[in-house]
Amino acid sequence: MVEIKSDASLDAMRAAGRVVGEALAAVRRAADVRVSLRELDEVAREVLREAGADSPFLNYRPSFADTPFPAVICASVNDAIVHGIPTDYRLRDGDLVSIDCGALLGGWAGDAAVSFTVGTPRPADLALIETTERALAAGIAAAVVGARLGDISHAIGSVGRAAGYGIPADFGGHGIGRRMHEDPHLPNDGRPGRGMRLQHGMVLAIEPMFLAGGRGDYDTAPDGWTLVTTDGSRAAHAEHTVAITDEGPRILTLP
Ligand code: MG
Ligand code: MG
C-alpha cells in the first residue's frame, strides 16, 4: 500500500531528510586519500547524534542478509555498487566512492546517496558519476502529479542506456515514510505511461545506480551485503528522497 503524506508530514520528512543531506556533505568533506571507510561512518554518526536522529541502516536486517548491517552509512568503493560495509579500508588515489545514508527523526525517514572520487580522478569515473547524477535529475523531473511510476523509471533508464552503462535489474528506488523502505518499488528502467499514477503527498527515494560495464551483472560479496559488479567495472549511485507535490517535485534530502 502506498501511503499519502499530509503537508505537515512532508515538512517533518524534510527535517529528517535535511539531516541525511548534512551527513552526506560532512562525509564528502572528510573523504580523502588515506581516510578509512570506518572513519567516514564515524563522521556520519556524529551528524546524526548531534541532530538527535537515529539510523535506519544500523542493525537493519532484510530477508537477504545473514547479519544485521553494522553502520550508519553504506560505503561502496570502485566495483562495489551499493550496500558496502564501512571497514578499515583506507581510500586510495583515484577511488570512486558511493556513500548512502539514512536518518530517522521525529518518526520519519530520509534516504540519500552520493558518489565522488578521491585524489586524482579517472575521466571515465567522472563521466559515470555525472551520468548517474543526470539520471537522478531526470527521474526527479519526471516525478510530477499525474505522471506514472514508469515515467520515472523510463527517465532514469534512458539516461543510463544512452551512455551504454549497465543497470542492475533487481535494485532501485522505493516509497519511504515512517519506514525507510515502503511500497512501491521503483525500477531504474521501465516503460513510460505504465504503473501507478503519481499524486500529491507520495514520497519516493529515487536512486539510479549505473555500472560502467554495460551488462549490469552483479554478485553479492562474501560479506553477505556488498553488491559488486561481476565484470569488475566501476559503479556509481545517486539518491534523493523526493516528495511529489502540486507545486512540483520537492527534494527532501538537500543539506
Ligand atoms: Mg539509500
Ligand atoms: Mg534507498
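Calculation notes
- Residues numbered from 1 in each chain as written.
- Chains lettered and ligands numbered in written order.
- Predicted model: local features only at pLDDT ≥ 70, side-chain atom pairs only at ≥ 80, totals over all residues.
- Heavy atoms only, no water.
- Core = buried A, V, L, I, M, F, W, Y, C linked by side-chain atoms within 4.5 Å.
- Buried < 20%, exposed > 50% of the residue type's maximum accessible area, 1.4 Å probe, protein only.
- Helix = DSSP H or I, 4+ residues; strand = E, 2+ residues; numbered from the N terminus.
- Contact = heavy atoms within 4.5 Å.
- Donors = N, O, S within 2.8 Å, 3.2 Å for Na, K, Ca; no water.
- Pairing = 2+ DSSP bridges.
- Axes fitted to C-alpha atoms, helices over the stretch in contact; angles between N-to-C directions.
- Parallel < 35°, antiparallel > 145°, perpendicular 65-115°, else oblique.
- Left-handed = near helix turned anticlockwise from the far one by under 90°.
- Nonpolar A, V, L, I, M, F, W, Y, C, P; charged D, E, K, R; others polar.

(A) Looking closely at the nonpolar core. With 27 residues, the main nonpolar core has L40, I73, L91 and I99 as its most contacted residues. Mapped by element, the contributors of at least two residues to this core are α1 (7–30), α2 (37–51), β1 (73–77), β3 (96–105) and β4 (108–117). For this core, the leading source of residues is α1, giving six residues. The residues touching L40, leaving out its near neighbours within four places in the chain, are V27, A30, A31, V35, I73, L91 and I99. Core analysis: the next-biggest nonpolar cluster, separate from the first, contains 26 residues, A143, A147, Y165 and I206 among them.

(B) Fine view of the coordination of the magnesium ion (ligand 1). The magnesium ion (ligand 1) binds to the protein through D100 (OD), D100 (OD), D111 (OD) and E239 (OE), with metal-donor distances spanning 2.1 to 2.4 Å. Distance-wise, the magnesium ion (ligand 2) is placed 3.2 Å from the magnesium ion (ligand 1), both being coordinated by D111. Here E239 lies in the loop between β11 (235–237) and β12 (240–243) and D111 lies in strand β4, a separation of 128 residues in the sequence. Per residue, the accessibility class of D111 equals that of E239, and both read buried.

(C) Inspection of the coordination of the magnesium ion (ligand 2) at higher detail. The magnesium ion (ligand 2) binds to the protein through D111 (OD), H174 (NE2), E207 (OE) and E239 (OE), with metal-donor distances spanning 2.1 Å. Counting along the primary sequence, the residues that act as donors to the magnesium ion (ligand 2) give the motif D-x62-H-x32-E-x31-E.

(D) Representation of the pairing of β3 within the structure. Extensive coverage of β3 is indicated by the burial of eight of its ten residues. Pairing between β1 and β3: five bridges, direction antiparallel. Bridge pairing in β3 links C74 to D100. Note that β3 and β4 share ten bridges and pair antiparallel. Bridge assignment links A103 to a residue of β4, and that residue is G110. Once β3 ends, the chain turns through two residues before running back antiparallel as β4, passing G106 with a positive phi of about 60°.

(E) Layout of the packing of helix α3 (residues 123–141) against helix α4 (residues 149–162). Here α3 crosses α4 at 160°, and the two axes come no closer than 8 Å. As far as their axial angle goes, α4 and α3 are roughly antiparallel. Relative to α4, the crossing made by α3 is right-handed. For the pair α3 and α4, the contacting residues are T131, R134, A135, A138 and G139 in the first and I152, A155, I156 and V159 in the second. Considered class by class, the residues forming the contact of α3 with α4 number six nonpolar, two polar and one charged.

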